[in-house]
Each structure stands twice: as C-alpha cells, then as structure tokens.
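Breakdown of the fold
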Amino acid sequence: MQKGKGRTSRIRRRKLCRSSEPRGVNESHKSEFIELRKWLKARKFQDSNLAHPQLCFPFGQEGQMIISLPESCLLTTDTVIQSYLGAYITKWKPPPSPLLALCTFLVSEKHAGDRSLWKPYLEILPKAYTCPVCLEPEVVNLLPKSLKAKAEEQRAHVQEFFASSRDFFSSLQPLFVEAVDSIFSYSALLWAWCTVNTRAVYLRPRQRECLSAEPDTCALAPYLDLLNHSPHVQVKAAFNEETHSYEIRTTSRWRKHEEVFICYGPHDNQRLFLEYGFVSVRNPHACVYVSREILVKYLPSRDKQMDKKISILKDHGYIENLTFGWDGPSWRLLTALKLLCLEAEKFTCWKKVLLGEVISDTNEKTSLDIAQKICYYFIEETNVMLQKVSHMKDEKEALINQLTLVESLWMEELKILRASAETLHSLQTAFT
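Residues numbered from 1 in each chain as written. Predicted model: local features only at pLDDT ≥ 70, side-chain atom pairs only at ≥ 80, totals over all residues. Heavy atoms only, no water.

The name an unreviewed UniProt entry gives the protein is SET domain-containing protein 4, with Rhinopithecus roxellana as the organism. The annotation that UniProt attaches to the protein under Subunit (unreviewed entry) is "Forms a ternary complex with TBK1 and ZNF268; the interaction with TBK1 is ZNF268-dependent and leads to TBK1 monomethylation." Recorded in UniProt for the protein, the comment headed Sequence similarities (unreviewed entry) runs: "Belongs to the class V-like SAM-binding methyltransferase superfamily. SETD4 family." (UniProt positions renumbered as here; feature names shortened; annotations may be inferred.)

**Observations regarding the overall build of the protein**
A tally of helices and strands in the protein yields 17 helices and 10 strands. The proportion of buried residues among the 432 residues of the protein is 53%. Here the protein displays about 21,100 Å² of accessible surface, and carbon together with sulfur accounts for 51% of that area. (Helix = DSSP H or I, 4+ residues; strand = E, 2+ residues; numbered from the N terminus. Buried < 20%, exposed > 50% of the residue type's maximum accessible area, 1.4 Å probe, protein only. Areas by Shrake-Rupley, 256 points an atom, 1.4 Å probe, with all protein chains shown as cover.)

**Overview of the sheet that holds strand S5 (residues 235–240)**
A sheet is described by the order of its strands in space; here three strands give the open sequence S1-S6-S5, paired in antiparallel fashion. For this open sheet the edge positions go to strand S1 (65–70) and S5, each flanked by a neighbour on one side alone. Shown here is a sheet whose adjacent strand axes are inclined to one another by a mean of 10°, direction ignored. With six bridges connecting them, S5 and strand S6 (residues 245–250) associate as antiparallel partners. (Pairing = 2+ DSSP bridges. Axes fitted to C-alpha atoms, helices over the stretch in contact; angles between N-to-C directions.)

**Here we look at the packing of aromatic side chains**
Applying the stated rule across the entire model yields 15 aromatic pairs. When the ring of Tyr264 is compared with that of Phe278, the centres are 6.1 Å apart and the planes differ by 75°; the resulting orientation is edge-to-face. Here Phe278 lies in the loop between helix H11 (269–276) and strand S8 (288–289) and Tyr264 lies in the loop between strand S7 (261–262) and H11, a separation of 14 residues in the sequence. Through a chain of ring-to-ring contacts, the aromatic side chains of Trp92, Phe168, Phe169, Phe176 and Phe184 assemble into a single cluster. Directly above the ring of Tyr88 sits Lys91, whose terminal nitrogen or CZ lies 4.8 Å from the centroid. Over the ring of Tyr289 we find Lys150; its NZ or CZ atom is 5.7 Å from the centre of that ring. (Phe/Tyr/Trp six-rings, centres within 6.5 Å; stacked < 30°, edge-to-face > 60°. Lys NZ or Arg CZ within 6 Å of the ring centre and 35° of its normal.)

Here it is as structure tokens:
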C-alpha cells in the first residue's frame, strides 16, 4: 500500500466525515434529533450554542469551540469489547480487526431495534449511502476511468471483507434467535462499513491483544458527525486527552445565522465521491486526472527516446497525479509534457526540465500545444459521458438519484476543463 492511501492516514487527514451532500437544512425539530440530544445529555454531553449542527452560533470567532463530545459518547472498539460481543471477540482466532468489531456492533445494534442502547444514534444514520461501492454497476461504468477503477477495487475489498468475516458471524449465533446469515448479510455489512468509512473520526492508535494488528484508530461520534463539509473553511479537530473529549475548534469566521461547516481535508471531487458519496460544487481542490495513456496520446509515435522519457518520469514520480485544475494544467503535468517533448539533441537537458528550467521556446510551445489537445480531448469525452448519463436518466428512473450524482461530478469536471482551456489559450498567445 502506498504511503498516505491507507484507512488510517485517510481518517487522520480528513479529521471528520459523513456521507451525504451538504444541504444546510435545519432538522432539529424532528423527533429523532430531539431524542439524540436527550441521549447525549444523559452521557454527559454539555449542550453547546448549536441548536443543530446545520445551524450556526449567534456569532463566529476564530478559535471558538464548535463541539466538545465526551468520550462516553464515542463508539469505539472499547464500546464493542465491553458489550455482549466482547466474549466472542476475545476468544475468536485469528483476532478480528478493529473495523470488523465496529461493523459487527453496528449491524447487531441495528438489528436490536428498540432494545439497542444506541438507538437514538442509529436512528439518525443514513439508511443508505451513495459511495461508488453502493452504486449499481451500470452507474459505476459511467464514472471517470480512474475513479471507476478505484470504485471497483473498493467493491472487491468490501466483498472480500464480508466473505472473510462469515465464520466469525456464525460464532455469534448463540446471541440471536434468527439465523445469523439473515442478520449479517452483505447489504447489512456494507451499510456498517460505509458508516465507519464515511463518518469515523481519528483517535490515537491503540493495540489490544483480542484485536488484530490493524491500527485501531476509528471512532464514531454521534451528533458531531452531522456537521457538513466545505473546502473553504478550516478547523482543528482532535481528541483532548486532558478533557477526555473529542473537540472541534474553528479557525474561520462566519456571519450570524450562517451554517457552520468543517473541512474533511483538501480533497478533490473524485476523492470526496469515492470516500463520502458527494460532490462539492466549485471545489478549489477539484481536478481532472491525466492517465499515462492519454499523456502520450498526442506525442510523436516515432520518438525513439519515448520509452526512456517515460522511464525517467516514472522514476522521479511524474507519471501520476498529473491534472488539469481551475488554474489550468498543473505544474507537474506541464513538466511531464516538457520532458516528453524534448527534441533528441536536447534530451541531455532532462534534469533541468524537472528543476523547472526553460529549455527553449519551441519546447515550451510544443508542450502547451499537447496540453491543449489533451484538454480538448477530455472536453469532448466529458460531453459524451454527460449525454450517456442524460440518456440513462430517461431510461432508468429508479437510478435517477445515483445518476444525478454522477452527472454533477462530470459537470464540475467540464467546468474545470473549460477553465483550463482558457488558461492554455492565454499562455499560447505569448508564442504567437
């Protein structure tokens, strides 16, 4: 696994998470939220000025505490081990993972219904999620290629997680009247997996003998996880060892009666879609990824040094994360193209290219021309995909919500590509 791509690092960066598109609707009057607040108060939660997480404070100051959630309100592996599941987890070999422990508890408590001590929290959790792993295969096929590959990998991971956990679920049969296969179904585990994956906060790693060596860093934080995401705000979020509470402080200001947001991290829209199931409009971190295949699509096929150039880019980490953004082609993308466009007599200058030096006007112009061709290719492809999505929306009414979400992703990418095209046009005028 590459550094920075694992579950632990993902949760550490995002701080907090949930999995529905921010809507800013005040639902504090609903009975389930009233019950949740009563339940939290019974667990020593000191009510804040927030009438509801989608409402604001009467004022907004930098450094102000948004929420301080006591440890007694957090759902952790400690919660699970101290429950009726503890004896089964402790004796199971090989030890279950922390993730499996949390997912098992969620499924079991949801099945318990009114008998669950966690019912007020479970009631406000989404009934279904919109992450790609939950989408219909025909909808996943309409995703950008890079995201589609990650979505299929994610789905395979969850399926393997379910298959490898079935024996453990069978060991829990004495706890239930019904057959465990009907309780711990794939759909039930998928719901639990998405709940943890999209809503967990990060805690300092712990290690328990009864659990596997996988980092135990996830905690579910009732009420706190209702806060919506905005890429334009900054917060500080961490577990305070002195107060034994998970705290969120804002480093941004907001106006009176304005919704308070938090930021899950500087994620692009494909990442937000994959991990949380929503797309952020005008996300400053949004981008369009350029694959290796597209990178060389418009380069001369007769270039005898092409394989060597590709090898250099790969060795120096310039073959991935090449993007178009709101400001045009990224520095990494242009650098890769400049190296690929080096003429034979200039090939020895490749180190200077990676250092950002200008080799020649010809090299600069050629790389911009190729970037523009790639950009136009993506614009054409995006329009084609939008037409496919629109057509399927007419044909598959039952999938309208999933398709609308995919459509919003493509629409944002189209806006980025058009902005990049304008930037490239401006850059090219210097050579005319």
